[in-house]
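Descriptive structure summary
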Amino acid sequence: MDAERLITLSRSDLAESRAVPDIMASAWQAQCLAQAIGDHLALFGPREVRGEARGLGETGGRGVVGPDHPARRPGASAASQLSEVLDPRGTLLALGALLGEVGMALVGVACATDEEGLYWQCIEAIDAADEAGDRVRVMLRRLPVPDRSRPPERAEAVDAADWAAWP
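None of the values given here were measured: they were computed from a predicted structure.

1. Quick notes on the overall build of the protein
- Across its full length, the protein holds six helices and zero strands.
- Along the chain direction, N to C, the helices and strands of the protein fall in the order α-α-α-α-α-α.
- Taking all 167 residues of the protein together, the buried fraction comes to 41%.
- The long-range share in the protein, meaning contacts at least 24 apart out of those at least 6 apart in sequence, stands at 76%.

Right, here's the structure in full:
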């Protein structure tokens, strides 16, 4: 499944989460997704972002809670369904928004809890989401901006009629 679709599903899941375990599970899913996207872009993404994408993969993994934590839902994470990143720029923009939302949701949990362990777990996850967001912003700056004044490149030959129709 395409990364942007998975991010949309993850954002929706987070927005619908009301109870602390659901918020924590959504945050865990988002961190797994950031890790998977980072790993994917490190292997298959544009050369300009591969180094930073490796760092995103590592940072995303740092914010993931352990397998024995109750926030982890049974079954595979949505990140395991990632098969492609069709639009790196769009994916990174959407991932940055998701990470920001995760950070805000975790701040709410941290502020509302009296449990010290949960508080510190939230702080660590907030830090990881923030660092992942920083890496996403660096990658966005490194991606070349598409030149909208030029026609899109095509594999087939372009004839004069095609150029004449170009705005």
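2. Considering the nonpolar core
- By size, the foremost hydrophobic cluster in this structure holds 41 residues, and its most contacted members are Ile37, Leu95, Val102, Leu106 and Val136.
- Among the secondary structure elements, those contributing two or more residues to this core are helix H1 (3-16), helix H2 (20-44), helix H3 (50-62), helix H4 (88-112) and helix H5 (116-142).
- If you tally residues by element for this core, the top one is H2, at 12 residues.
- The contacts of valine 102, once residues within four sequence positions are left out, are Leu14, Ala27, Ala30 and Ala129.

3. Here's the deal with the packing of aromatic side chains
- The final tally for this structure, using the stated rule, is one aromatic pair.
- Considering the side-chain rings of tyrosine 119 and tryptophan 120, the 5.0 Å spacing of their centres and the 85° angle between planes classify their relative orientation as edge-to-face.
- For tryptophan 120, a relative accessible area of 46% translates into the label partly exposed.

So, how was this worked out
Residues numbered from 1 in each chain as written. Predicted model: local features only at pLDDT ≥ 70, side-chain atom pairs only at ≥ 80, totals over all residues. Heavy atoms only, no water. Helix = DSSP H or I, 4+ residues; strand = E, 2+ residues; numbered from the N terminus. Buried < 20%, exposed > 50% of the residue type's maximum accessible area, 1.4 Å probe, protein only. Contact = heavy atoms within 4.5 Å. Core = buried A, V, L, I, M, F, W, Y, C linked by side-chain atoms within 4.5 Å. Phe/Tyr/Trp six-rings, centres within 6.5 Å; stacked < 30°, edge-to-face > 60°.

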